[in-house]
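Per-entry structural report
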Amino acid sequence: MKNEILQEIKQYDTIILHRHVRPDPDAYGSQMGLAEIIRASFPMKKVYSVGNDEVSLQFLGKVDEITDETYKEALVIVCDTANQERVSDQRYHLGQKLIKIDHHPNDDAYGDMLWVNTNASSCSEMIVDFWETFSDELLLNETAARLLYAGIVGDTGRFLYPSTTEETLRLSAHLVTFPFDRPALYRELYELPKNTVKLSGYILQNFDMDKNGAATVYLSDTLLNEFEVNPRDASALVSSIENVQGIKAWIMFIQEGPVFRARLRSKGPVINELAKEYGGGGHPLASGATLHSDEEIKEMTKKLQLICADK
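What you see as residue numbers is a count from 1 along each chain, following the sequence as written. Predicted model: local features are reported for residues with pLDDT of at least 70 only, side-chain atom pairs are reported and counted for 80 or more only, and whole-chain, interface and lining totals are derived from all residues. Just so you know, side-chain values use all the structure's heavy atoms and leave hydrogens and water out.

As annotated in an unreviewed UniProt entry, the chain carries the name Oligoribonuclease and is attributed to Listeria seeligeri.

Dropping the structure here:
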């Protein structure tokens with residue numbers, strides 16, 4: 001499939017790259033990293049990265065503003081996005097051909113061509129693999145290396161998550177040969193405002209965990225307003241309780257207006273099937289969903305407790 005994707009890239013003069021809504025570093029890294037590789041390798045092509053801008057990730061890059069007309073006779077590549085509903089900028093279907101590149105379970109097999117590798121730690125890892133396969137034809141520069149490294153670091157939790165493999169580290173070794181400032185990149189990825197750090201203190205004092213290691217945290221609109229933290233920044237704290245002794249899996253419920261964002265994480269029990277029950281999804285150990293009532297929160301909590309009790 002990688003060869004077929006390269007041939008499509010060579011064929012089109014205009015290439016537009018998308019990623020998912022509510023982007024994380026891997027979404028930005030894979031989308032903009034691949035765009036930079038294509039741009040450096042084929043200078044005559046018009047290459048764009050689109051989607052809703054995320055202020056907290058603008059240190060990685062800024063999206064392009066394009067018209068509907070740009071999509072005519074264009075190749076569209078969607079990175080790191082499992083479901084069509086989550087594609088940022090729904091004009092992705094206006095192009096002449098659509099390619100999906102992703103590492104999530106392929107529950108929504110959209111696109112004319114698909115390259116899905118659930119064994120990859122991140123979509124950014126897949127892009128490095130793509131470059132390496134055709135390194136005699138494709139150029140990897142410092143800008144692309146920094147973007148892809150940020151994506152891999154973000155999705156592996158600084159290489160601590162079980163998704164980190166020998167292949168992850170081997171491919172990442174290519175990236176660190178470039179002289180971008182890694183300590184500065186880590187600071188930009190992980191530094192938090194003082195009010196967000198204070199909220200993490202509240203989480204550590206107020207999470208609930210049962211005897212089987214199922215834990216939950218509930219952050220209401222009122223609480224977020226009290227700490228002056230928005231739901232997006234609160235989501236960054238989902239791993240703040242991961243080092244609690246005995247914890248197996250947990251959910252952070254974050255109120256966002258009329259809905260509740262459920263952020264699920266696990267140290268072993270598979271939790272993405274639980275997320276799918278509520279219209280969400282993701283990886284076996286890291287998933288998300290959107291709930292619409294307190295009753296759904298109670299229901300999901302009970303189901304998590306049963307999952308942990310069986311492990």
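For each residue, the accessible area found with a 1.4 Å probe, counting protein chains only, is set against the maximum for its type, and the residue is called buried under 20%, exposed over 50%, and partly exposed in between. A run of H or I in DSSP counts as a helix once it spans at least four residues, and a run of E counts as a strand once it spans at least two, with each numbered from the N terminus. Of all the residues in helix H6 (residues 182–190), the buried ones are Ala184, Leu185 and Leu189. Buried residues of H6, viewed axially, fall in a sector of 135 degrees; they line one side. Sitting at the head of H6, Asp181 places a side-chain oxygen 3.1 Å from the backbone nitrogen of Ala184. Working note: the arc is built from the helix axis to C-beta atom directions. Whenever two N or O atoms come within 3.5 Å, that pair is a polar contact, provided that in protein one can donate a hydrogen and the other can accept it, and provided that, for residues adjacent in sequence, both atoms are side-chain atoms.

A separate point is the pattern of salt bridges. Salt bridges are defined by distance alone: a side-chain nitrogen of Lys or Arg within 4 Å of a carboxyl oxygen of Asp or Glu. One pass over the structure, following the stated rule, counts 18 salt bridges. Note that Arg39 is salt-bridged to Glu36, the shortest N-O span being 3.1 Å. Of the two residues, Arg39 and Glu36 are both situated in helix H2 (residues 25–41); the distance of three residues between them amounts to about one turn of the helix. The partly exposed category is assigned to Arg39, whose relative accessible area is 31%. Salt bridges linked by common partners bring Arg22, Glu256 and Arg261 together as one network.

On to the nonpolar core. Think of a nonpolar core as a cluster: buried Ala, Val, Leu, Ile, Met, Phe, Trp, Tyr and Cys residues, connected wherever their side-chain atoms sit within 4.5 Å. Counting 47 residues, the largest nonpolar core has Ile9, Leu34, Ile77, Ile101 and Phe130 as the members making the most contacts within it. Looking at this core element by element, the count peaks at eight residues for helix H4 (residues 142–156). The contact criterion used is simple: two residues touch if any of their non-hydrogen atoms lie within 4.5 Å. Every residue in contact with Ile77, bar those within four places of it in the chain, is listed here: Ile9, Ile15, Ile16, Leu17, His18, Leu34, Ile99 and Ile101. Judged by nonpolar contacts, the second largest core, of 18 residues, contains Ala215, Phe227, Ile247 and Met252.

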